[in-house]
Amino acid sequence: MNAPRSAPPPPRLPQGWALIIDDHPLFCDALELTLKSVADFKEVATTDCLESALARLEGHPPPALILLDLNLPDVSGLDGLMRLKRRAEKSPIVIVSSMTDNSIINGAIVAGASGFVPKHSRRSVFRDAITHIAAGGVYKPSGYVEGAASDQSDETLSRLSSLTNQQARILELICEGKLNKQIAYDLTIAETTVKAHVTAIMRKLGVQSRTQAVLVAQDAKFASVLPSSD
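Chains are numbered independently. Their residues run from 1 in the order of the written sequence. Per-residue local features of the predicted model are confined to residues with pLDDT of at least 70, and side-chain atom pairs are confined, for both listing and counting, to 80 or more; whole-chain, interface and lining totals are unaffected and use all residues. The basis for every side-chain value is the complete set of non-hydrogen atoms in the structure, without hydrogens or water.

- An unreviewed UniProt entry lists the protein under the name Two component transcriptional regulator, LuxR family, from Litoreibacter albidus.

1. A look at the confidence of the model for the protein
Low-pLDDT portions of the prediction should not be read for the details of their coordinates.
(1) Moving on: Every residue is assigned a pLDDT by the predictor, reflecting its confidence on a scale from 0 to 100. In the predicted model, the protein carries a mean pLDDT of 84, and 84% of its residues have values of at least 70.
(2) Moving on: Here, residues are in contact when the closest pair of their heavy atoms is within 4.5 Å. For the stretch residues 222-230, pLDDT sits under 50, and the model shows 27 contacts to residues farther than four places along the chain or on other chains.

2. Concerning the sheet that holds strand E5 (residues 115-118)
(1) Moving on: In this scheme, strands are said to pair when DSSP sees at least two bridges between them. Helix numbering and strand numbering both begin at the N terminus, where a helix is a DSSP run of H or I of at least 4 residues and a strand a DSSP run of E of at least 2. With parallel pairing, 5 strands are arranged side by side in an open sheet as E2-E1-E3-E4-E5. The sheet is open, and its two edges are formed by strand E2 (44-47) and E5, each paired on a single side. If you compare each strand with its neighbour and ignore which way they point, the axes differ by 20° on average.
(2) Moving on: Two strands pair when backbone bridges link them, and strand E1 (residues 18-21) and E2 are joined in this way by 4 bridges, in the parallel orientation. The partner of isoleucine 21 across the bridge, within E2, is threonine 47.
(3) Moving on: Lines fitted to C-alpha atoms define the axes, with helix axes restricted to the stretch in contact, and inter-axis angles between N-to-C directions lie between 0 and 180 degrees. Lying on the sheet, helix H1 (residues 25-38) is in contact with E1, E2, strand E3 (65-68) and strand E4 (93-97); it crosses E2 at an angle near 160°.

Structure, rendered in structure tokens:
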């Protein structure tokens, strides 16, 4: 008679805490229980918007894992992922979303996500994803087709993801129509510093003007493929 099979050991990520960012309280609770069950996290923090998550990261060691919803009250699409990745560059970020279109999954991975798990997934899928990420891989869900997204979209997201925090903030202000002098005042830096950042931004984005930089930033938000709620 065969001995009963024992449960697999929990996947090993660096010791620390986990952060869940989702504006659905019940789903946050479910994700917290899932992480504590499949990965043995002792401390799991939850926030309902990106700004709260960024504030939670201040003064704390980087999380061992971040689970992120794409659509939040204060941000939508991959812009939130890129902002979070710049703030917590050493933390693996897993997108947990009901949106499973190939272009969205591919865009999330290009923008820096360590994995993508559909919201309807079982706990075993989360275990598999965390195990894969802990081994240094990038987790892609069942049904994902490699190379389904456009090379141009990939290139745009890759370029935007390369911006530093300060460059990304300056690009946001450029998108609001502010001039260098106004940006310098808002960020309390010299106007010459702003000009240097603008030059670096345009070089990284492969554009020749501020207007082109704005268009690149707007196109990358995926507003046309993401619904108003998740």
